[in-house]
Amino acid sequence: MTMNQQVVIAGAGPVGLWLAAELRLAGITVTVVEPRLERDPNSKALTVHPRTIELLASRGLEKPFLEEGVHIPSGHFAVLDSRLDFGLLETGFPFTLALLQSRTEELFEIQARAAGADIRRGHRVTGLTETPDSVTVHIEGPDGPYDEEALYVAGCDGTRSTVRKSAQIPYPGDDFTVLGFLGDVVLDEPPPGVAFSRTGIDGLVMIVALPGGLHRVVGTVPADVRTDWPGDLTLEELRANVRQVTGTDFGLHSPAWLSRYGNTSRQAERYVQGRVVLAGDAAHQHMPAGGVGLNVGVQDAMNLGWKLAATIHGRAPAGLLDTYHDERHPVGADLLEHTRAQTALIAAFTPDGQRLRSLLGKLVDEQPSLSRTLGERLSGLHVAYDAPTADAHPLTGRRAPDLAFTDGGDTVFALLRTGHHVLLDLRGLLGLRDDRGTPLATAEDGPLAGPLVTRTGTLTGEHAPWAHVGAALIRPDGHVAWATEEDDPGKLAAVTREALDRAALTGAVR
């Protein structure tokens, strides 16, 4: 069998499409297999969080999202009456964007196709056969079954993932105990503002304005605390639930979509197994509280893409692909923990439960640090990966902000658009050949020479944690691989070389 691609991705949702674009950016051939002939117009996900906007900016894709999404300068934890002030977050994007998942998928698909991904709609993965050197993916297409051989297969095919099941990766967790309702509807008398919520002993309702004149109405009432499935949501039930909680139905009518969701929570035991990798809902399922699901999935793909590409190119440090599981599995576990905690508060319809919600809301109002901490957790800005050594610089593993330079040239996010590592010389002591972001690696640099962008310059005074950093290496996903405050030129050159050796980038700078 001829290997027509290096990676097959199951699923053309946001996660699979983002992963495809990342792999193509790194020069990996990719085939994406998707059963749907057209993208689903009903958008489960709606919220794009600040960290995801940062990732979009680091690939030059943020503009249409910022232009089309509804900007909401706050978030919520368990729909407490006190919203989280995202203005407290240390990011250039202190807001969430409300944008239909169908539009997010469309923009991601444009990006992936432009990069050269082969996207096959109407094709469904049915199974796989793995060998030590490759994986054969079994596919059902419009003209019948066929096989594709690849070096790796990525399961981005949702909670019922065929890839995960075929690889026999356990997916333990809990079935739902709480349901929620959702309706994308027209409101003749919408509440003021872009986001509205009402909670009480009779239930909770949240309403968010959508592009195109619709509003999304979501919520839970006491009757939704159950373990049996009550059937499809009707417009009459939605109306009754909203009236029960708010006293009005806001003149809702003309539903574009009605649905239910639950708090089923599961996580794959392994994100990497042999030649199989998992990302997004194939790796973790949870209550859609706080609108974080799509975001964590895209951040999975961002972590995975460059590592899988380096592994296939043969320039990865030993065990690099395994660090995808090591870094992202704890993030998934944290996701399940805080969405389960939010579910407990959302379903706290007893008088004592309402008192607990009231107290927590007051604490959010009174303690800006609590609002900021919860906001960082929801937005993904809090994620910091373990440093490889105990004596590593405190910035190691943390996300790099969009560092700006006094010369007004490219910021860090602009430099990351190549998908390469970025080496910063912040004291001008390394004598780098290029200070304008030109990739320096070439084929003759050898198999361990990964692509690298360099930048020499002085930071503006807006980045206090970076004030004494002399040099830093930033990974393609925007997290700090290494940093130092060494200011002796000879020692700085030596420790920089060691950092490049560890990242298998030796030869990219000479």
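Residues numbered from 1 in each chain as written. Predicted model: local features only at pLDDT ≥ 70, side-chain atom pairs only at ≥ 80, totals over all residues. Heavy atoms only, no water.

**Section: the side chain of Ser161**
Note the following rule: Under the scheme used here, helices are H or I runs from DSSP no shorter than 4 residues and strands are E runs no shorter than 2 residues, and both carry numbers assigned from the N terminus. Any pair of nitrogen or oxygen atoms within 3.5 Å is treated as a polar contact; in protein, a donor-acceptor pairing is required on top of that, and neighbouring residues in sequence qualify only through side-chain atoms on both sides. Residue contacts are counted whenever heavy atoms from the two residues lie within 4.5 Å of one another.
Take Ser161: it is sitting in the loop between strand E12 (152-155) and helix H5 (162-166). Polar contacts involving the side chain of Ser161 include one to the main-chain amide nitrogen of Arg164, which spans 2.9 Å. When sequence neighbours within four positions are dropped, the list of residues in contact with Ser161 reads Leu278 and Ala282.

**Quick word on helix H4 (residues 101-115)**
Rules: A helix is expected to reach a length of 1.5 Å times the quantity of its residues less one. When a residue's accessible area, from a 1.4 Å probe over protein chains only, is under 20% of the maximum for its type it is buried; when over 50% it is exposed; and in between it is partly exposed.
Across its 15 residues, H4 extends 21 Å between first and last C-alpha, which sits within 8% of the 21 Å expected from 1.5 Å per residue. Three or more residues of H4 are buried, namely Gln101, Ser102, Thr104, Glu105, Leu107, Phe108, Glu109 and Ala112. At its buried positions, H4 is contacted by helix H1 (14-25), helix H2 (50-57), helix H3 (62-68), strand E8 (118-121) and helix H7 (293-313). The positive-phi residue at the C-terminal boundary of H4 is Gly116, with phi of around 105°.

**What about the pattern of salt bridges?**
Rules: For salt bridges, the criterion is a side-chain nitrogen of Lys or Arg within 4 Å of an Asp or Glu carboxyl oxygen.
Enumeration according to the criterion identifies 28 salt bridges in this entry. Two residues, Glu105 and Arg36, come together in a salt bridge whose shortest N-O distance is 3.5 Å. Of this pair, Glu105 sits in helix H4 while Arg36 sits in the loop between strand E2 (30-34) and strand E3 (47-48), and the two are 69 residues apart along the sequence. In this structure Glu105 comes out as buried when scored by relative accessible area, which is 3%. Close ionic contact of Arg260 with Glu237 constitutes a salt bridge, the shortest N to O distance being 2.7 Å. On the criterion of sequence distance, the pair formed by Arg260 in strand E18 (residues 252-262) and Glu237 in helix H6 (residues 235-246) is long-range, its members being 23 residues apart.

**Observations regarding the sheet that holds strand E24 (residues 452-456)**
This is how it is decided: One bridge is not enough; two strands pair if DSSP finds at least two bridges between them. Only the stretch in contact is used when fitting a helix axis, every axis being a line fitted to C-alpha atoms; angles between N-to-C directions are given from 0 to 180 degrees.
If you walk across this open sheet you meet the four strands as E24-E23-E25-E26, and the pairing is mixed. Each edge of the open sheet is held by one strand with a lone partner, namely E24 and strand E26 (480-484). With strand direction ignored, the average angle separating the axes of adjacent strands in the sheet is 10°. The pairing of strand E23 (residues 421-425) with strand E25 (residues 471-474) spans four bridges and is antiparallel. By the bridge assignment, Leu424 is partnered in E25 with Ala472.

**Some words on the side chain of His49**
Inspection of the secondary structure puts His49 in the loop between E3 and H2. We classify His49 as buried; its relative accessible area is 2%. Side-chain polar atoms of His49 contact the backbone oxygen of Gly290, separated by 2.8 Å. Once residues lying within four places of it in the same chain are set aside, the contact partners of His49 are Phe86, Thr96, Gly290, Gly291, Val292, Asn295, Leu378 and Ser379.

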